[in-house]
Structures are given as C-alpha cells and as structure tokens.
Protein chains: 2
Amino acid sequence: MLDNEIKKVAVIMAGGGGTRFWPVSRMTTPKQLAKLTGNDVMINETVKHYEGVINREDTFIVTNRMQADLMDKVLFNEIDRKHILVEPVQRNTAPCIIYAAMTMKKLYGDALMAVLPADHHISDIREYERVLKLAFKTADEKNKIVTIGIWPTFPSTGYGYIRFSTNPIEQGSEVYHLRRFVEKPKVEIAKEYLNSGKYLWNSGMFIWKASVILDCFKKYLPEMYSAMEAIYDKLGTDEETAAIEEVYPTLEKISIDYGIMEKAEDVFCIPAEFGWNDVGSWDALDNVFERTEEGNVVIGNDGNGMIDCKNSVIFDNSGDKFIATIGLENIVVVQTKDAILVSSKDKVQDVKNIVERLKDIGREDLL
Amino acid sequence: MLDNEIKKVAVIMAGGGGTRFWPVSRMTTPKQLAKLTGNDVMINETVKHYEGVINREDTFIVTNRMQADLMDKVLFNEIDRKHILVEPVQRNTAPCIIYAAMTMKKLYGDALMAVLPADHHISDIREYERVLKLAFKTADEKNKIVTIGIWPTFPSTGYGYIRFSTNPIEQGSEVYHLRRFVEKPKVEIAKEYLNSGKYLWNSGMFIWKASVILDCFKKYLPEMYSAMEAIYDKLGTDEETAAIEEVYPTLEKISIDYGIMEKAEDVFCIPAEFGWNDVGSWDALDNVFERTEEGNVVIGNDGNGMIDCKNSVIFDNSGDKFIATIGLENIVVVQTKDAILVSSKDKVQDVKNIVERLKDIGREDLL
C-alpha cells in the first residue's frame, strides 16, 4: 500500500443460520461453513475470490458468538481474531454494517470497504476481480455508495432487483446511477424486468468508504449512529465486547437496504456478469455446477448408481452408502453421515419444515 | 396322522436369486431370506402361513448350494437338514419338482405335496388354510393336479393368468376345470380378462399326490423321468448328493407350467381370494401394507421425516440415517446399512440394472 493509498478491506457478513441446506448445513455448520460449491468451505472460497484485490489479512467477519470460534478455525487460520466482529444478538444488516464501519474508522481512520455475503458462488474470478477494482476506484474517487448488480439470465422470483438508469455516470463508464431497489417480484413482473434490460439482480455486494456510509447512518439512522458513537472509544479495546453487548440489543432491527440504500441519494451501480449465484437452496446447485447431458448434477459421487434420471441433483457428502437412483426427474438426493434428504426440486425450500420437525421430536443431534 | 391318512408335505421352491429387491435382497440374502412384508424373513412367513394345515417339520425346501446353509439357519432351526434339497445348478422348475416328488415317494411311498413359492405375501391366513385344505382333499380324492388361482383385482400385466371353466367339477363345488394357462398379457387383454370373470391369476401354488405328478412326468417329460428314476435308489442315501450333481446338469431346462401343466389333462383349479400378492418388486409393497391417507407406505421408520409426499414408499432397513422426504410422488426410497435406493415407482424394476452395474464396477460387496 502506498502512503497516499487508502486501506482496502473486505467485510464478510456471516451471521446466517443454516436450514436451507440441511442436512449438510447445521447449527454448528451453517451454509458458509459447509463445502457446497467448491473444494473448500464457502467462506474460504469467498476469501479466495477477492485475494487478487484485497489482502487476505484485511478480511473482517461479522458473525454471531456460536460461529465466531469456528470462523477462527476455518479462514486459513490467518485472520486476526480481532477481525472477527461478534454480534451478541442478530439485529439485521444495518447494525452489522455500522459496527464494521466504525471499527474501520477506529483502526484506519478511514478505509474502502467491500461488504460481501459469505456464501455466494462466483465462477469467473478474473471478471469479478476487475469489477471489484472498478468499484473500489469509483467509491474512492467519487465518494459514493457503489453496488454491484448482476445481469439477470432468467426471470428469477427469488432475488431482489435493482432498477438502474441506463445512462452511465460519465461517457464510456461502466458505472451507472441506481434508481431504486425492488423486492422479489412475481414471475410476470420478473419477466418484464428481464426483457427490459433496465433491471439487475441485487447481489448484496456494496463498496464504499467507511466515512461515506457513516455519514449516511448519521443522516438516515441517527439514533443508531448516536448509540454506536457513544461506544466508539471502546472499540478495539478490552471493553469492546461488554460495550457491544450492552448497546447491540438496543439497536433498531433494520436492513441496510431499507434503512440506508433506498433513502441514500446518488447511489452508483455497476452491472456485471461473473457467474454469480447466491446458492439459495439445493436446487440452485443446478446453476453452479456443470450438468450432464440429461441435466443432472452429481457431487461427491461418481454417478455410477444413476440410471435414467433427468434434471436431478445428487449431493453425496459422506459416500459411505452407495446411492442408486432410477427414473428420477427434478429430484434432489442428499446424503450426509447421519441423514438422507430426498426432495422434489420445487419443494426443496420446505427443508426448513424438516428442521422444525426435528426440533419438535427432540432430534437436536440432527440440527 | 391316522394310519390310513396320506402324508401332507409342503415343498417350498426357494432357489431364486434376488435382484428385484436390491438393496435389501442380496446374493446371500435373496428375497425369501429378507424381511420384507412381515416381522420375519419371507420364507419363515411362508411356513407360518400353512402351519394350520401342514406340520412345520414336514416342510421341504428346494434351493441352491449357496442358500442351503442359510436356509438351515432360518426356518426356525427346526427343519431337518435332509429336507433341504440342493440343486447343483438351476434348471427351471420341472427338474426341481421331479426331484422333490421322487424324494416324497422314496421317503413316504406317496405324499400329498403343496408346491409353494417361498416369497409370496398372504394376508388372510384363515381363508388360505381353508383353501389349502380343500386343495389337499381334492388332490387326494380325485387324483388330480390342483392349482390355486387368485381372483384378479386389477388388470395386471405382471402375472400369468389361468382360464378356467366356469362350471364346477360337481354341483356346489368350489373346484373347477382348468382350461389353459396364459402368459403375461398386454394391458388391453388384461382388462378383458379382468372383466370376463373367467380368468384368474396364476399363484404358482400346486397341490398333487407325488404319484400323480410322477405319472405326468413319465408321460410328458419321459427323458427327465428316466434320468431321475436311474438315481432313485440313491435318494436319501450318502450317495444322493453325488448322484444329483451328476444327473442334474443333464436335465432339460423347462418350467413345470410349460413341461407338464399345459399338457396335462383335467387339471383342477380353485379360485381363491386370501390377500395374495407375489411382492414382485418394491412398488408392490403398496398392495401389501396399509397406506396412509396420502397413499404412502412407511416401513421400519416412524415417518417423521415425511413432508407433503403422495403414493410413495419408504423402506428403512437400517434406521441409522434419518430419512427426510419432501414433495415426492410415486417414489420409492430404501435405506440399508450400506446403500440407498431412490426410484420412481414405474421404473423400479430397473433395479436389476443397478445390480448389473455394480458387477461391472467391481462392487461385489453390494451384491
């Protein structure tokens, strides 16, 4: 880093629980700590994705208590324990981000932050690096919030959308003004969005200077700002944990999208395409892994037991029992060391109900 | 047994291999040695079915070498080792039956034989006993071959049929003349059979005197008869095994249906209904077990992992991994200690192809 260059950090939001990928994801092994789409657990894959742009040691993680110790163990044993910011209770994303931004201010005076989800898949790393560099450069030079939008490839009803102005901020720039955020649409609307060329998927990736986002908090969430400012002196000291535990439960439960992004003026947006997938549920593995001619995806298994199947997914996380599948269509089959999931693709999000039922019947060992 | 009463024996044909119920049935645990429809292995259930009519100790088993030792171990440890007739090679059912019939002649002079498959399900044991008694009485008094036909309940294309004369052999009798055997029909034909009231399913159960069936062999399969007659003296002696091993491979490979039944004159037939099912493949469990309101059959498992499934079968033979199923329709899920099968019901007979593939890839441990 040159003397006049501002620090670049990654802030990974990794507090989520894990029911959508049961039985692979568990309470103690949420999605980001599971091996789903790569050779390594997802959070390590996330770090690998940006290594060409942000130093690995400049990674910060916001997570909960239970996962904090596990984070310590994964992440290549190289992330400073102090870089793991522990939320005592979950208060949605705005508190999480102000906590991180104030920490950057305390540690570095200011910093360029890339706020990134812990558990998304990216297949074109070179293009991702290029977009991330452009986002950093824009956020640095323009002092704006920069979001990364993904060119939609199908009329998804599972993603939020970004409506962007199709005139770039400057002649020849790849950066555009963001007009508004849109909630997950119905399929007819999603089709219109797809065809219009004016809508992008909201990747949940934000790039800004700590000073810029803190100004936004001051303006749009002043109570939250004041509460956090009151403990600013204690950040990075021995008193941080106690102070955070006291202030956190008082913070408003609100998302960064709703609390800041939708209100902020002149947010920038970079439309991108780097093989992004949020891997939201088992059926999403379809779009992440190469499919066979019959549309099947087979992971962790040589597929020798598959006969006459179409558009199905086998995810074999233990390999101890031979999996034979015959004549299946649009079915997901998952094996772990202690459970088997067989689900139709279109109902696989109901795996959360299995998790609920396991609680009801006292099978905590499977949670 | 009164002095003037002829010996009644059961001859169970249990030589079959077991691919149709993989992964529960294996080379060393073929269907008849697996627990499928009852609390006990199928061959033991078969013995229990007729205990009210035939003494357990008057059971004979025709099987192959590999299974012979296992038969010895199941069958309640009560069947005389000499009652297990070992076929050195498989030659279809006619050789199997002449071997048994000559053994009866040797041991008892003559005997009433009930030739029974080892692995069929019967739910109404009282009615089965009644029909079996009637068959014995008829075979004894009339010196005829008696078959048991099952009233069809749906247009099955998986069973052979019996066309019977709808006039009973005597006024008021439940016994009829058999007209002809019919191979497995196409579905249109099967529908006609069902509606006509003149066709029955061939249960593969035959009742006759040893002397009567031996006369038929003499007449319709004279070469086979001569070959077996030549070693008759050695049956029941220390030389039996060697003699059988020599003669057996020379016998014609032919079924009893084709070799004798279709040619024999004046075969009798008793139409019956005692909850019979040959349990030919996984999807047949449907007709054997009670279904839930949604049409599901769940065996060996409390069904707690089932959400929103219809007309599906879960057969949990090991219980070590929790089985969660979501949104399935017409799917069979089987767990054993070392394998998982997931198949659409209409393709489940292709499980034989899985077994072939396991051979190809050298997974003999799973056969």
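Look above for the structure.
The rules behind the values
- Residues numbered from 1 in each chain as written.
- Chains lettered and ligands numbered in written order.
- Predicted model: local features only at pLDDT ≥ 70, side-chain atom pairs only at ≥ 80, totals over all residues.
- Heavy atoms only, no water.
- Helix = DSSP H or I, 4+ residues; strand = E, 2+ residues; numbered from the N terminus.
- Rg over C-alpha atoms; globule rule 2.2 N^0.38 Å.
- Buried < 20%, exposed > 50% of the residue type's maximum accessible area, 1.4 Å probe, protein only.
- Contact = heavy atoms within 4.5 Å.
- Areas by Shrake-Rupley, 256 points an atom, 1.4 Å probe, with all protein chains shown as cover.
- Pairing = 2+ DSSP bridges.
- Salt bridge = Lys/Arg side-chain N within 4 Å of Asp/Glu carboxyl O.
- Polar contact = N/O pair within 3.5 Å; in protein donor to acceptor, adjacent residues only side chain to side chain.
- Least-squares fit on C-alpha atoms with pLDDT ≥ 70 in both.
- Axes fitted to C-alpha atoms, helices over the stretch in contact; angles between N-to-C directions.
- Phe/Tyr/Trp six-rings, centres within 6.5 Å; stacked < 30°, edge-to-face > 60°.
- Lys NZ or Arg CZ within 6 Å of the ring centre and 35° of its normal.

Attention shifts here to the overall build of chain A. Of regular secondary structure, chain A possesses 10 helices and 17 strands. In terms of C-alpha radius of gyration, chain A reaches 21 Å, essentially the compact-globule figure of 21 Å for 367 residues. If you line up chain A on its principal axes, its C-alpha atoms span 60 × 50 × 35 Å. The buried share of chain A, taken over its 367 residues, is 57%. Looking at chain A alone, contacts between residues at least 24 apart form 68% of all its contacts between residues at least 6 apart. In the structure as shown, chain A presents an accessible area of about 16,000 Å², 44% of it carried by carbon and sulfur atoms.

Let us look at helix 6 (residues 210-220) of chain A. Taken together, the buried positions of helix 6 of chain A are occupied by Ala210, Val212, Ile213, Leu214, Cys216, Phe217 and Tyr220 of chain A. Elements in contact with the buried residues of helix 6 of chain A: helix 3 (93-108), strand 4 (112-117), strand 9 (199-209), helix 7 (222-229) and helix 9 (256-261) of chain A.

In this structure, Pro23 of chain A follows Trp22 of chain A across a cis peptide bond, with omega equal to 10 degrees. With respect to the helices and strands, Pro23 of chain A occurs in the loop between strand 1 (8-13) and helix 1 (42-50). In the Ramachandran plot, Asn92 of chain B falls in the positive-phi region, its phi being about 70 degrees despite a non-glycine side chain. The backbone of Asn311 of chain B shows a phi angle near 50 degrees, a positive value even though the residue is not glycine. Considering the arrangement of structural elements, one finds Asn311 of chain B in the loop between strand 13 (306-307) and strand 14 (313-316).

Moving on to the pairing of strand 9 (residues 199-209) of chain B. Look at any regular strand and the pattern is simple: side chains alternate between the two faces of the sheet. All names here are of chain B. Within strand 9, 11 of the 11 residues are buried, leaving the element largely enclosed by the surrounding structure. Bridge count between strand 4 (residues 112-117) and strand 9: 4 bridges; the pairing is antiparallel. By the bridge assignment for strand 9, Leu112 is matched with Lys209. Here strand 6 (residues 146-150) runs beside strand 9; their pairing, made up of 4 bridges, is antiparallel. Bridge pairing in strand 9 places Thr147 opposite Phe206. Inspection of the sheet shows strand 7 (residues 161-168) paired to strand 9 by 3 bridges, in the antiparallel sense. The residue of strand 9 that forms the bridge with Ile162 is Leu200.

Moving on, we get to the interface of chain A and chain B. Counting from both sides, the interface comprises 39 residues of chain A and, opposite them, 39 residues of chain B. At the boundary of chain A with chain B, the tally comes to 4 salt bridges. Close ionic contact of Asp320 of chain B with Lys321 of chain A constitutes a salt bridge, the shortest N to O distance being 2.6 Å. Here chain A is connected to chain B by 30 residue pairs in polar contact (both at pLDDT 80 or more).

What follows is about the relation of the copies chain A and chain B. For these two chains of identical sequence, chain A goes onto chain B by a turn of 179 degrees and a shift of 0.0 Å along the axis, with RMSD 0.1 Å. Here the transformation between the copies is reduced to the relation of a two-fold axis. No C-alpha of chain A approaches the rotation axis more nearly than that of Val342 of chain A, which lies at 4.0 Å. The share of interface residues of chain A whose copies in chain B are also at the interface is 100%, consistent with both copies meeting through the same surface.

With mixed pairing, the 6 strands of this open sheet are ordered in space as 12(A)-14(A)-16(A)-17(A)-15(B)-13(B). This sheet does not close on itself; its edge strands, each paired only once, are strand 12 (297-299) of chain A together with strand 13 of chain B. Pairing between strand 13 of chain B and strand 15 (residues 322-326) of chain B: 2 bridges, direction parallel. Within strand 15 of chain B, the position partnered with Met306 of chain B by the bridge is Thr325 of chain B. Packing against the sheet, helix 10 (residues 351-360) of chain A makes contact with strand 17 (339-344) of chain A together with strand 13 and strand 15 of chain B, and its axis sits at approximately 140 degrees to strand 15 of chain B.

Right, let's talk about the packing of aromatic side chains for a bit. The final tally for this structure, using the stated rule, is 30 aromatic pairs over all chains. An angle of 65 degrees between the planes, with centres 4.9 Å apart, marks the rings of Phe21 of chain B and Trp282 of chain B as edge-to-face. Placement of Phe21 of chain B in the loop between strand 1 (8-13) and helix 1 (42-50) and of Trp282 of chain B in the loop between strand 11 (276-277) and strand 12 (297-299) is noted, with a sequence separation of 261 residues between them. Neither residue differs from the other here; Phe21 of chain B and Trp282 of chain B are each classed as buried. Chaining the aromatic ring pairs together yields one cluster made of Phe154, Tyr159, Trp201 and Trp276 of chain A. When the ring centre of Tyr232 of chain A is taken as origin, the NZ or CZ atom of Lys105 of chain A, which lies over that ring, is 5.3 Å away. The side chain of Lys106 of chain A reaches across the aromatic face of Tyr232 of chain A, ending 5.4 Å from its centre.

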